Amino acid sequence: MDIPKDPFMLMSFINMKLRDYYNSLDELCKDLEIDKDELCNTLKNAGFEYSEENKKFW
């Protein structure tokens, strides 16, 4: 799947997918064939961190 390259659009896209379709970040990454570490690093470099408790980046 082609995912947004812009970190702000990427964060919004991932959060929407987590909210509407997936129970965990691991499940999303596996299904969309996304490297979880790369995704988290990309978003961390833009100032976002993942919250397991809230199941979203912010």
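Rules used in this analysis
- Residues numbered from 1 in each chain as written.
- Predicted model: local features only at pLDDT ≥ 70, side-chain atom pairs only at ≥ 80, totals over all residues.
- Heavy atoms only, no water.
- Disulfide = S-S within 2.5 Å.
- Helix = DSSP H or I, 4+ residues; strand = E, 2+ residues; numbered from the N terminus.
- Buried < 20%, exposed > 50% of the residue type's maximum accessible area, 1.4 Å probe, protein only.
- Salt bridge = Lys/Arg side-chain N within 4 Å of Asp/Glu carboxyl O.

1. A short note on the state of the cysteines
What makes a disulfide is a covalent bond joining the sulfur atoms belonging to two cysteines.
Then, number 1: The final tally for this structure, using the stated rule, is 0 disulfides.
Then, number 2: Of all cysteine sulfurs, the one in Cys-40 lies closest to Cys-29, which takes part in no disulfide; the gap is 6.6 Å.

2. Concerning unusual backbone geometry
Then, number 1: With a phi close to 55°, Glu-33 is a non-glycine residue in the positive phi region.
Then, number 2: Note on placement: Glu-33 falls in the loop between helix H2 (25-32) and helix H3 (36-45).
Then, number 3: A relative accessible area of 73% means that Glu-33 is categorised as exposed.
Then, number 4: A positive phi angle is found at Lys-55, which is not glycine, with a value near 55°.

3. Some thoughts on the pattern of salt bridges
When their charged atoms lie close together, side chains carrying opposite charge are able to pair.
Then, number 1: A full pass over the atoms with the stated rule returns 2 salt bridges.
Then, number 2: A salt bridge links Arg-19 to Asp-20, with the nearest nitrogen and oxygen atoms 2.9 Å apart.
Then, number 3: On the accessibility criterion, Arg-19 (61% relative accessible area) is exposed.
Then, number 4: A residue is classified by how much of its surface remains accessible, and Asp-20, at 41% relative accessible area, is partly exposed.
Then, number 5: The shortest N-O distance in the salt bridge between Asp-26 and Lys-36 comes to 2.8 Å. Of this pair, Asp-26 sits in helix H2 while Lys-36 sits in helix H3, placing them 10 residues apart in sequence.

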